[in-house]
Each structure stands twice: as C-alpha cells, then as structure tokens.
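One-letter residues, chain by chain:
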Amino acid sequence: KSEEQFLAEQQDMVAHNVMNPTIYQKMDETLLPRVFELREQAGMDHPRVYSLGISTGAPKTEEALADLKRRVTQWREFVAGRGYETLYVYGIDEAKGEELEAERTAFEAVHDVDAKVYVACYKDWFELVGDLLDMPVWSGQPLAEEAEKAHSVGARIFNYGNPQGGVEEPETYRRNFGLLLWSVNYDGAMTYAYQHSFGHGWNDFDSDRYRDHNMAYPTVDGVIGTVEWEGYREASDDVAYVTTLLNLINEAEEAGGARGEKARAARDWVMSIDPQGDLDQIRAGIIKRVMALR
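Residues numbered from 1 in each chain as written. Predicted model: local features only at pLDDT ≥ 70, side-chain atom pairs only at ≥ 80, totals over all residues. Heavy atoms only, no water.

A. Geometry of the overall build of the protein chain. Per the secondary structure count, the protein chain includes twelve helices and ten strands. At 21 Å, the protein chain has a C-alpha radius of gyration in line with the 19 Å of a compact globule built from 294 residues. With the principal axes as the frame, the protein chain shows a C-alpha extent of 65 × 45 × 40 Å. Burial statistics for the protein chain: of 294 residues in total, 46% are counted as buried. A fraction of 62% describes how many contacts in the protein chain between residues 6 or more apart in sequence connect residues 24 or more apart. For the protein chain, the exposed area adds up to about 14400 Å²; of that, 50% sits on carbon and sulfur atoms. When the 30 basic and 52 acidic side-chain charges of the protein chain are each reduced to a single mean position, those positions are 5 Å apart. (Helix = DSSP H or I, 4+ residues; strand = E, 2+ residues; numbered from the N terminus. Rg over C-alpha atoms; globule rule 2.2 N^0.38 Å. Buried < 20%, exposed > 50% of the residue type's maximum accessible area, 1.4 Å probe, protein only. Contact = heavy atoms within 4.5 Å. Areas by Shrake-Rupley, 256 points an atom, 1.4 Å probe, with all protein chains shown as cover. Lys, Arg positive; Asp, Glu negative; His and termini not counted. Charge placed at Lys NZ, Arg CZ, Asp CG, Glu CD.)

Shown next as structure tokens:
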C-alpha cells in the first residue's frame with residue numbers, strides 16, 4: 001500500500017482510540033524506520049512496542065537460540081534508539097499444550113536480552129508458561145480468574161476474538177471491549193483485525209472459510225469506517241469515563257467531608273455497574289456523578 005494510505009489508516013486508528021496497534025513490518029533498514037515515522041506522525045507514541053515482525057518460534061539448538069537473541073537484540077536496540085521503553089516479541093500464534101510448552105526456552109532467551117513476550121493463547125497458558133509469558137492475549141470471553149492469574153505474576157492480559165473484527169454489531173464491540181474488560185480487570189484489547197481480507201478487500205464473502213475481518217475498508221488514499229468500528233471507539237470512551245470518575249472519587253475520599261460522602265456513594269454505584277446493562281444509561285450515570293464531584 002502507499003505511504004499516504006498507511007498514514008491515513010494510522011490516523012483513523014488514533015481517531016478511534018487505538019493508540020498502539022501491533023507492527024507487522026519485519027526488520028528492514030529502510031521500511032521499518034518509515035513505519036515508525038508514519039505512526040508517530042499520526043500521534044502514536046506509546047512506550048511499548050508490540051512486534052509481529054519477529055516471532056520467538058520454538059528453537060531447540062544453541063545456535064538457533066543464539067540467532068533468536070541476536071534478532072531480538074537488533075529489534076530492541078532499534079526501538080530503544082527511537083525512545084521506546086519496551087519491546088514485546090510474539091510467540092507462536094494460538095499455540096496450546098505441548099506446542100506452547102515447547103516455547104519455554106525461546107521465551108527465556110527473549111528475557112535474556114531484555115525484551116518481553118506476548119501471544120494469543122487459551123486456558124492452559126498459566127500452567128505451561130505463566131512464569132514466562134509477559135502478556136497473554138486471551139481468546140474469547142474474558143474471565144476474571146485469568147486476569148488474577150496474570151497479575152499474580154506481574155503480567156498484563158489483553159483480550160481478542162470476542163468477536164473478531166468485521167461483524168456489524170456496534171453494541172457488541174462497545175460492550176465486550178469496554179466495560180466488560182474493565183469489570184474483569186483486563187489491561188487492554190487487541191482483537192483481530194483492523195483489516196484482513198480473505199480475498200478482495202471489498203467482498204466479504206469471496207472466501208469459502210472466513211468473511212473479511214475489516215473494521216474499516218481501504219481506499220486508494222484512506223479508509224471508510226463501519227458501524228462496528230464506531231462501537232469499538234465507544235468501548236474505550238466508556239472506560240475513559242469510568243476511569244475519570246474513579247480518579248475523582250479517590251481525590252474526594254482523601255479530601256473528606258461532604259464531598260467525601262458523595263464519593264463513597266459514587267464508589268458504591270460504580271461497583272454495582274453491570275456491563276450487560278444499558279450502556280447509554282451507565283454513561284449518563286457516570287457523567288452525573290463526575291459533575292457532582294467536581
């Protein structure tokens with residue numbers, strides 16, 4: 001795709017509160033710097049870099065492990081040189097059981113050169129690699145107990161596939177990637193994908209296996225959004241609203257007095273939020289309490 005189109009896509013993601021999408025570009029002395037330049041021009045400057053341009057695989061020999069360390073070090077030095085704090089390297093996508101456990105040595109090698117590991121995974125992740133996986137990207141319905149497991153070892157946990165991108169259900173995306181994740185203490189969303197066409201990008205049904213996973217459709221110099229993409233934006237807005245309220249509650253409780261009493265009542269209300277409820281009414285309730293505490 002053209003640089004003009006790529007920049008328009010990055011700007012579109014920023015406008016929808018997606019500030020740090022994964023990077024698929026492989027190490028290339030010309031293309032990789034330009035990817036970062038365009039992302040930064042669009043307003044993306046998150047301190048963590050989630051790379052899909054390098055993967056851990058499951059190397060077994062000392063030679064293969066040394067090569068992995070060399071490539072990860074090259075990436076880490078590159079992102080550090082641009083001012084980024086942390087590099088996350090992707091594992092084997094959706095591995096489980098013996099395949100996931102076989103990555104342990106590779107995960108250790110990534111840690112040896114001061115980088116971290118993230119990967120899409122399932123229910124056996126904690127038992128098999130919980131001591132080594134820095135950010136599981138949990139598949140499907142988010143479970144509070146999985147967040148507790150991740151946080152117990154200092155890991156972060158994201159969610160994807162609830163659903164994948166491209167389903168014309170804006171409320172589903174707003175609910176599942178917003179207050180639902182907040183309610184079960186997940187750290188973020190990383191669903192798949194912004195754009196993935198299984199054939200022609202403007203024909204959702206030209207594959208006999210999958211429909212296209214497009215939250216926005218490409219044009220020669222930009223994108224055309226969808227209703228589900230707007231729902232995804234509203235999800236992060238909902239979390240921003242409730243976070244603003246919680247910050248005000250903390251301040252007011254410290255201040256005490258009549259404002260502190262209002263804050264305690266507001267906290268009780270926040271703790272009663274049902275993410276399956278009416279999302280517009282919930283937001284209105286948040287706004288009401290924010291205004292009362294200001």
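B. Main features of helix H7 (residues 144-152). Listing the buried residues of H7 in full gives Glu 146, Ala 147 and Ala 150. Seen end-on, H7 carries its buried residues on one side only, within an arc spanning 100°. Among the exposed residues of H7, those oriented more than 90 degrees off its buried face are Glu 148 and Ser 152. Where H7 is buried, its residues touch helix H6 (125-129) and strand E4 (135-139). Directly beyond the C-terminal end of H7, a positive phi value near 80° is found at Gly 154. (Arc of directions from axis to C-beta.)

C. Local environment of the sheet that holds strand E1 (residues 48-55). The sheet built from six strands is open, its strands ordered E1-E2-E3-E4-E5-E6 with parallel pairing. Looking at strand neighbours, the two that pair on one side only are E1 and strand E6 (188-189), the edges of this open sheet. (Pairing = 2+ DSSP bridges.)

D. Region of the structure containing the packing of helix H2 (residues 31-42) against helix H3 (residues 62-81). Relative orientation of the contacting elements H2 and H3 amounts to 40°, with a least axis distance of 12 Å. When the axes of H2 and H3 are compared, the pair comes out oblique. Here the hand of the crossing between H2 and H3 comes out right-handed. Here Leu 32, Pro 33 and Phe 36 of H2 lie close against H3, whose contacting residues are Trp 75, Phe 78 and Val 79. Counted by class, the contact of H2 with H3 contains six nonpolar, no polar and no charged residues. (Axes fitted to C-alpha atoms, helices over the stretch in contact; angles between N-to-C directions. Parallel < 35°, antiparallel > 145°, perpendicular 65-115°, else oblique. Left-handed = near helix turned anticlockwise from the far one by under 90°. Nonpolar A, V, L, I, M, F, W, Y, C, P; charged D, E, K, R; others polar.)

E. Seen up close, the packing of helix H11 (residues 257-271) against helix H12 (residues 279-293). Two numbers describe how H11 lies on H12: the axes approach to 10 Å, and their chain directions differ by 165°. The orientation of H11 with respect to H12, classified from their angle, is roughly antiparallel. Crossing of H11 over H12 shows left-handed handedness. In this structure, H11 uses Arg 259, Lys 262, Ala 263, Ala 266 and Trp 269 to contact H12, whose residues at the interface are Ile 282, Gly 285, Ile 286, Arg 289, Ala 292 and Leu 293. Among the residues forming the contact of H11 with H12, the class breakdown is seven nonpolar, one polar and three charged.

F. Geometry of the pattern of salt bridges. Per the counting criterion, the structure on display carries 22 salt bridges. Between Arg 70 and Asp 67 there is a salt bridge whose closest N-O contact spans 2.8 Å. Of this pair, Arg 70 and Asp 67 both sit in helix H3, three residues apart, which is roughly one turn of that helix. On the basis of relative accessible area, Asp 67 is assigned to the partly exposed category, the value being 30%. For Glu 168, the salt bridge is made with Arg 211, and the minimal N-O distance between the two is 3.0 Å. Here Glu 168, found in the loop between strand E5 (158-160) and helix H8 (170-176), pairs with Arg 211, found in the loop between strand E7 (195-196) and strand E8 (213-214); they are 43 residues apart in sequence, far enough to count as distant. Glu 168 gets classed as partly exposed once you look at its relative accessible area, which sits at 45%. (Salt bridge = Lys/Arg side-chain N within 4 Å of Asp/Glu carboxyl O.)

G. Structural context of the side chain of Arg 156. Summarising the element assignment, Arg 156 is placed in the loop between H7 and E5. Although Arg 156 is buried, it makes no salt bridge; Asp 187 carries the closest opposite charge, 5.3 Å away. Side chain to side chain, Arg 156 and Tyr 50 meet in a polar contact 2.9 Å long. Aside from chain neighbours lying at most four places away, what touches Arg 156 is Arg 48, Tyr 50, Tyr 88, Asp 134, Met 135, Pro 136, Ala 150 and Asp 187. (Polar contact = N/O pair within 3.5 Å; in protein donor to acceptor, adjacent residues only side chain to side chain.)

H. Representation of the environment of Ser 139 within the structure. By the secondary structure assignment, Ser 139 is in strand E4. C-alpha of Ser 139 to C-alpha of Tyr 50: the two residues are 89 residues apart in sequence and 17 Å apart in space. Excluding residues that lie within four positions of it along the chain, Ser 139 makes contacts with Cys 121, Tyr 122, Asn 159 and Tyr 160.

I. Unusual backbone geometry, seen in detail. Between Asn 162 and Pro 163 the backbone carries a cis peptide bond, its omega angle lying at 5°. The topology assignment puts Pro 163 in the loop between E5 and H8. Geometrically, the link from Tyr 192 to Ala 193 is a cis peptide bond, its omega value of 10° lying close to zero. Note on placement: Ala 193 falls in the loop between E6 and E7. A positive phi is found at Asn 185, a non-glycine position, where the angle reads about 70°. If you trace the backbone, Asn 185 turns up in the loop between helix H9 (179-183) and E6.

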